[in-house]
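# Coordinate inspection notes
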Amino acid sequence: VRPKRERRALAEVLAAEISINMQLLAGAHQLASPTKVPPDIRFSTVVYESVLEKVGELPPDMVGEVVFLYGYFHELNEHPKMYADLLAQLRELADDSKHRPQIERELTTCAKVFNSYVEKTINRINLVQPHLLKTAFPWWSLRRFQRRPSLQLDMEEVAHRIVKSKAEREALAAEIERRHKSQ
């Protein structure tokens, strides 16, 4: 009984972390730019790294899927750093430098690869997450009925939240600027 309970707990915490990352991915997908990588995005891998030695306790078909998915998260976390490094190199170059076009192409490629990884990761989550939730809350478990039902992430709702949040930030910035001018 104990190994099954631990397997369910492991699947549950990984599913929770993946859900948080899915929300970040949805935002990155909505704000995707063909020329930029968001500098402040960071996908969580804390839970995965803390339970890494226990991942083998998941059902055999899930182990590879979870490891593969977290490989995507690690790769996505590297792109903002890579983009920032390339941008710093570009800023150091003279406008007439022969290396400038190469670095500009690398920046564009970095953004394209990041955006493609966002798409791939969303698709991978849509494959993995239902299986993790089924493992965490099997049909015979009483805990299944004590939790809120899973919801699909509504991309339209995410887009609406992003627009609302941006408007709130702009209003706050305008208010701060107005107060600053009145002093």
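Now for a quick tour of the structure. On a predicted model such as this, the values are computed, not experimentally measured, just so you know. (Residues numbered from 1 in each chain as written. Predicted model: local features only at pLDDT ≥ 70, side-chain atom pairs only at ≥ 80, totals over all residues. Heavy atoms only, no water.)

Further remarks concern the overall build of the protein. Looking only at helices and strands, the protein has six helices and zero strands in total. The order of helices and strands in the protein, counted from the N terminus, is α-α-α-α-α-α. Classification of the 183 residues of the protein by burial places 33% in the buried group. Partitioning the intrachain contacts of the protein with sequence separation of at least 6 by distance along the chain shows that 80% fall at a separation of at least 24. (Helix = DSSP H or I, 4+ residues; strand = E, 2+ residues; numbered from the N terminus. Buried < 20%, exposed > 50% of the residue type's maximum accessible area, 1.4 Å probe, protein only. Contact = heavy atoms within 4.5 Å.)

Aromatic ring pairs are reported here in terms of the distance separating the ring centres and the angle at which the planes meet. Following the criterion strictly, the structure yields five aromatic pairs and no others. Relative to Phe73, the ring of Phe43 lies with its centre 6.1 Å away and its plane at 20 degrees, an arrangement referred to as stacked. With Phe43 in the loop between helix 1 (2-30) and helix 2 (46-50) and Phe73 in helix 3 (residues 60-92), the pair connects residues that are 30 residues apart, well separated along the chain. Accessibility classification places Phe43 together with Phe73 in one group, the buried group. Judged by centre distance (5.4 Å) and plane angle (90 degrees), the ring pair of Tyr72 and Tyr117 falls under edge-to-face. Of this pair, Tyr72 sits in helix 3 while Tyr117 sits in helix 4 (residues 100-136), and the two are 45 residues apart along the sequence. Exposure remark for Tyr72: the relative accessible area of 13% places this residue in the buried category. The rings of Phe43, Tyr48, Tyr70 and Phe73 are connected pair by pair, giving a single aromatic cluster. Across from the ring centre of Tyr117, 4.9 Å away, lies the NZ or CZ of Lys120, which sits over that ring. (Phe/Tyr/Trp six-rings, centres within 6.5 Å; stacked < 30°, edge-to-face > 60°. Lys NZ or Arg CZ within 6 Å of the ring centre and 35° of its normal.)

All right, on to the pattern of salt bridges then. Within the structure shown, the criterion is met by seven salt bridges. Arg179 is the salt-bridge partner of Glu175, the closest N and O atoms lying 3.0 Å from each other. With Glu175 and Arg179 both in helix 6 (residues 155-182) and four residues apart, this pair spans about one turn of that helix. On the basis of relative accessibility, which here comes to 25%, the residue Glu175 falls in the partly exposed class. Among the ionic pairs, Glu177 bridges to Lys181, the shortest N-O distance being 3.2 Å. Of this pair, Glu177 and Lys181 both sit in helix 6, four residues apart, which is roughly one turn of the helix. (Salt bridge = Lys/Arg side-chain N within 4 Å of Asp/Glu carboxyl O.)

Moving on, we come to the side chain of Arg100. Structurally, Arg100 can be placed in helix 4. Classification of Arg100 by relative accessible area gives buried; the value is 19%.

Let us now look at helix 4. In a regular helix each residue adds 1.5 Å, so 37 residues correspond to 54 Å; helix 4 covers 51 Å between its end C-alpha atoms and thus fits that length. Val128 marks where helix 4 bends most, by close to 25 degrees; the proline Pro130 follows one to four residues later. (Expected span 1.5 Å × (residues − 1). Bend = angle between axes of the 7 residues up to and from the residue.)

Take Leu76: it is sitting in helix 3. You can call Leu76 buried: its relative accessible area is 0%. Spatially, the C-alpha atoms of Leu76 and Phe43 are 7.5 Å apart, while their sequence positions differ by 33 residues. Those residues within four positions of Leu76 in sequence are excluded, and the remaining contacts are Leu25, Phe43, Phe114, Tyr117, Val118 and Thr121.

Moving on to the nonpolar core. Membership of the largest hydrophobic core comes to 39 residues, with the highest contact counts inside it found for Leu14, Leu25, Leu58, Val66, Phe73 and Leu132. Where this core is concerned, the elements lending two or more residues are helix 1, helix 3 and helix 4. For this core, the element with the highest residue contribution is helix 4, accounting for 13 residues. In this view, Val66 contacts Leu14, Tyr48, Leu58, Val128 and Leu132; residues no more than four positions away in its chain are not counted. (Core = buried A, V, L, I, M, F, W, Y, C linked by side-chain atoms within 4.5 Å.)

Remember that the coordinates give geometry; whether it matters functionally is a separate question.
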